[in-house]
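Listed here are the chains, written in short residue letters.
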Amino acid sequence: MELEEDALVAAAPPPSSWPGPSRRRHILQFLLHACKRLDPRPIVKYSALDFFAGRFLPALPRKMGYCGARSGRAVRSWLLEPLRDSNLELFALVAVWIASKIHDVRPLSVKSLKALGDRIISDQHFTCRDFADAELVFMEVVEHNIGSSSIAFIYLEELLIHFREISKLGDLLDLDVCMDFLDILYETEDTSLLFNSPCSLAASTLVAAYVISVPKQTWEFPILPWGLLHHMMKRKS
């Protein structure tokens, strides 16, 4: 048993390279695909993305003990040892489940999540009890940090509403286009630092959607200075 545990520790990737761009992208694409199948409200989808990509994945190496004794108490669970892609996919579904519990009057049922998991998790079938266990592990890894009052989607909605109030060009911006850009930013590891600044993530999304949606000949609104000013005012408040 000690040899097996030593082997697991030796095989654990260093926190600086974990989970790796391709593996991270695969898991986030899985979460986005699951949301497409479940069709939750946008606030549920983006809360789940924030919980999973912004909090769970960054905390997981530390909680699994990759960072040594200074990392604090490690979380021990059969769902983490070893950590297969199928287990990460389970945690992605659990993130959607937690977000639905927070934002929906009638949250997604564990049976519906299990049924979806049986269809889209290819190499393992999880029971309803496994979902409950995974939820406890998820909460322990993120240290119950599941507040969703400052996620990027909320700031994005506020920015778009304010933009439409002060400029007719705001009517040319489609929220669906903004959400497409937000999805891409969540998938891209190079932008993961923006997760710590949801205002910046929202402003970046709105500017990108503006450039794509608004005809170039009508680019009269100073979108970049306005977005920067709005971001600075939000940070001060």
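Preceding block: the structure.
What you see as residue numbers is a count from 1 along each chain, following the sequence as written. At least 70 in pLDDT is required for a residue's local features to be given in this predicted model, at least 80 for side-chain atom pairs to be given and counted, and no such filter applies to totals for whole chains, interfaces and linings, which use all residues. Hydrogens and water are ignored here; the side-chain numbers use all heavy atoms of the structure.

Novice: Residues and numbers for helix H5 (residues 110-120), please.
Specialist: What H5 keeps buried is the set Leu 113, Leu 116, Gly 117 and Ile 120. Projected onto a plane normal to the axis of H5, the buried residues spread over an arc of 105 degrees and lie on a single side. The exposed residues of H5 that point more than 90 degrees off its buried face are Lys 111 and Arg 119. If you follow the buried residues of H5, they end up packed against helix H2 (21-38), helix H4 (85-103) and helix H6 (128-141). Think of it in three bands: with a 1.4 Å probe and only protein chains considered, a residue is buried below 20% of the maximum accessible area for its type, exposed above 50%, and partly exposed in between. Only DSSP runs of H or I with at least four residues qualify as helices, and only runs of E with at least two residues qualify as strands; both kinds are numbered from the N terminus onward. It is the directions from the helix axis to the C-beta atoms that the arc portrays. Residue contacts follow a heavy-atom distance rule, with two residues in contact if any of their heavy atoms lie within 4.5 Å.

Novice: Residues and numbers for the nonpolar core, please.
Specialist: The nonpolar side chains of soluble globular proteins are, as a tendency, buried together. Counting residues in each nonpolar core, the largest one holds 73 residues, and the members touching the most others are Phe 52, Phe 56, Phe 91 and Phe 138. Sorting the residues of this core by element identifies H2, helix H3 (42-63), H4, H5, H6, helix H7 (152-166), helix H8 (175-187) and helix H9 (198-213) as the ones contributing at least two each. Other than its neighbours up to four places away in sequence, Phe 52 contacts Ile 27, Leu 28, Leu 31, Leu 57, Pro 58, Leu 88, Phe 91, Ala 92, Ala 95 and Phe 138. By convention a nonpolar core is built from buried Ala, Val, Leu, Ile, Met, Phe, Trp, Tyr and Cys residues, the set being connected through side-chain atoms within 4.5 Å.

Novice: Any chance you could break down the packing of aromatic side chains for me, citing the residues and the numbers?
Specialist: Side-chain rings of Phe, Tyr and Trp, where Trp is taken by its six-membered ring, are said to pair if the distance between their centres is within 6.5 Å; with planes under 30 degrees apart they count as stacked, over 60 as edge-to-face, and otherwise as tilted. A complete count under the given rule lists six aromatic pairs for this structure. Ring geometry for Phe 52 versus Phe 56: centroids 5.7 Å apart, planes at 15 degrees, classification stacked. One end of the pair is Phe 52 and the other is Phe 56, both in helix H3 and four residues apart, which spans about a single turn. Both residues of the pair, Phe 52 and Phe 56, belong to the buried class. Taken together, the aromatic side chains of Phe 52, Phe 56, Phe 91 and Phe 138 make up a single cluster linked through ring pairs. One Lys or Arg, Lys 101, reaches over the ring of Trp 97 and ends 3.9 Å from the middle of that ring. Note on criteria: charge over ring means Lys NZ or Arg CZ within 6 Å of the ring centre, with the direction from the centre no more than 35 degrees off the ring normal.

Novice: Please set out the pattern of salt bridges residue by residue, giving values where relevant.
Specialist: When a carboxyl oxygen of Asp or Glu lies within 4 Å of a side-chain nitrogen of Lys or Arg, that pair is called a salt bridge. Scanning all chains against the criterion turns up nine salt bridges. A salt bridge links Asp 50 to Arg 55, with the nearest nitrogen and oxygen atoms 2.5 Å apart. For the pair Asp 50 and Arg 55, one class covers both residues: buried.

Novice: If you had to explain the environment of Leu 28 to someone new, which residues and values would you point to?
Specialist: Here Leu 28 lies in helix H2. Looking at Leu 28, the relative accessible area reads 0%, which means it is buried. Along the sequence, Leu 28 and Leu 49 sit 21 residues apart, while their C-alpha atoms lie 7.9 Å from each other.

Everything listed here is a matter of coordinates, which is why it stays silent on function.
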